[in-house]
Amino acid sequence: RELESMRVRRSKELSDDILAATDVLYVTRIQKERFEEPSEYDRLKGSFVISNDTLSKMKPSASVMHPLPRVGEILEEVDTDPRAAYFRQMK
């Protein structure tokens, strides 16, 4: 309920409408150590990859955050976009 009052949405996909409405996209890696079956991790590990194409669907004022280090979930091409806040975030 608390998340609903804050207008937080959870989704299993990053659809164009979700990206267009997003103010902050907080990205984390898919954690291999959380899976009992390595095949399940292998199936899911590339499910959410943030690229310049992803950013093109987002607001110019949006921010992309990440706890670092990354393991392929944000492409390096995103690093130079001013919305990429993860290097500023770690200072």
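The structure we're discussing is the one just above.
Right, let's walk through the structure included here. Just so it is clear, the model here is predicted, and its values are computed rather than measured.

## Points about the overall build of the protein chain
1) Next: Within the protein chain, the secondary structure is distributed over five helices and two strands.
2) Next: Ordered by position from the N terminus, the helices and strands of the protein chain form the series α-α-β-α-α-β-α.
3) Next: Reported as C-alpha extents along the three principal axes, the dimensions of the protein chain are approximately 40 × 35 × 25 Å.
4) Next: Relative to its 91 residues, the protein chain shows a buried fraction of 25%.
5) Next: In the protein chain, the share of contacts with a sequence separation of at least 24, taken over all contacts with a separation of at least 6, comes to 56%.

## Section: the environment of Ile-30
1) Next: On the secondary structure map, Ile-30 appears in the loop between strand E1 (24–26) and helix H3 (38–44).
2) Next: Residue classification places Ile-30 among the partly exposed positions, given a relative accessible area of 26%.
3) Next: Separated by 42 residues in the primary sequence, Ile-30 and Gly-72 have C-alpha atoms spaced 9.7 Å apart.

## Focus on unusual backbone geometry
Most peptide bonds adopt trans geometry, and most residues besides glycine take a negative phi value.
1) Next: In this structure, Pro-69 follows Leu-68 across a cis peptide bond, with omega equal to -5°.
2) Next: Inspection of the secondary structure assignment puts Pro-69 in the loop between strand E2 (63–65) and helix H5 (86–89).
3) Next: At Leu-68, a position not held by glycine, the phi torsion is positive, near 55°.
4) Next: Note that Leu-68 resides in the loop between E2 and H5.

The rules behind these values
- Residues numbered from 1 in each chain as written.
- Predicted model: local features only at pLDDT ≥ 70, side-chain atom pairs only at ≥ 80, totals over all residues.
- Heavy atoms only, no water.
- Helix = DSSP H or I, 4+ residues; strand = E, 2+ residues; numbered from the N terminus.
- Buried < 20%, exposed > 50% of the residue type's maximum accessible area, 1.4 Å probe, protein only.
- Contact = heavy atoms within 4.5 Å.

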